[in-house]
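# Geometric and topological summary
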Amino acid sequence: MLYQTFSAAFSQFNHANINLPNWLDRSISWLIVSPNMHKIHHHYQMPLTDTNYGNIFSIWDRMFGTFATAHVKELQYGLDTHMKAEEHSNIGNMLQIPFNLAKKQ
């Protein structure tokens with residue numbers, strides 16, 4: 001119960017679209033997952049998609065070699081399979097993607 005409580009709270013924090021001062025974000029990312037640290041995980045291309053998995057403590061990514069840094073302002077979010085297609089810029093079309101993929105299989 002304690003883990004789930006902290007996980008839910010930290011998930012809201014590290015997925016928040018907030019801009020902490022760089023010095024503060026870097027400082028807290030030594031112990032906990034900061035927003036800028038986790039944003040790297042949502043970049044659209046590998047190898048950055050395979051980094052910064054943690055949701056509470058950043059120590060795990062540092063221990064297992066999955067910690068990465070990048071200039072957050074240069075990141076592009078999304079999936080490399082759906083980046084440039086015009087039909088994926090419409091919310092209605094995006095909601096249909098899972099159903100269209102199921103038909104193809």
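Cut-off values and rules
Residues numbered from 1 in each chain as written. Predicted model: local features only at pLDDT ≥ 70, side-chain atom pairs only at ≥ 80, totals over all residues. Heavy atoms only, no water. Helix = DSSP H or I, 4+ residues; strand = E, 2+ residues; numbered from the N terminus. Buried < 20%, exposed > 50% of the residue type's maximum accessible area, 1.4 Å probe, protein only. Contact = heavy atoms within 4.5 Å. Areas by Shrake-Rupley, 256 points an atom, 1.4 Å probe, with all protein chains shown as cover. Expected span 1.5 Å × (residues − 1). pLDDT = per-residue confidence, 0-100. Polar contact = N/O pair within 3.5 Å; in protein donor to acceptor, adjacent residues only side chain to side chain.

## Considerations on the overall build of the protein chain
Scanning the protein chain for helices and strands turns up 5 helices and 0 strands. Moving toward the C terminus, one meets the helices and strands of the protein chain in the order α-α-α-α-α. Each of the 105 residues in the protein chain was classed as buried or not, and the buried ones make up 29%. Taking contacts inside the protein chain between residues at least 6 apart in sequence as the whole, the part at least 24 apart equals 44%. For the protein chain, the exposed area adds up to about 7,900 Å²; of that, 62% sits on carbon and sulfur atoms.

## Observations regarding unusual backbone geometry
For Asn52, which is not glycine, the phi dihedral falls at a positive 50°. Since its relative accessible area comes to 0%, Asn52 is described here as buried.

## So, helix α1 (residues 2-14)
With 13 residues, α1 extends 18 Å between its outermost C-alpha atoms, agreeing within 8% with the 18 Å of an ideal straight helix rising 1.5 Å per residue. Along its buried surface, α1 packs onto α3 (35-39).

## Regarding the confidence of the model for the protein chain
When pLDDT is averaged along the protein chain, the result is 81, and 85% of the positions lie at 70 or above. Put simply, helix α5 (residues 91-104) is where the protein chain has its lowest mean pLDDT, 74, and helix α4 (residues 59-64) is where it has its highest, 90.

## Here's the deal with the environment of Ala9
Within the fold, Ala9 resides in helix α1. Placed 46 residues apart in sequence, Ala9 and Asn55 show a C-alpha to C-alpha distance of 9.6 Å.

## A look at the side chain of Asn52
Looking at the element boundaries, Asn52 is found in the loop between α3 and α4. At 2.7 Å, the side chain of Asn52 forms a polar contact with the backbone oxygen of Met37. Within the structure, Asn52 has its side chain in polar contact with the backbone nitrogen of Ala68 (distance 2.8 Å). Setting aside residues up to four positions removed in sequence, Asn52 forms contacts with Met37, His38, Ile40, His41, Asp61, Thr66, Phe67 and Ala68.

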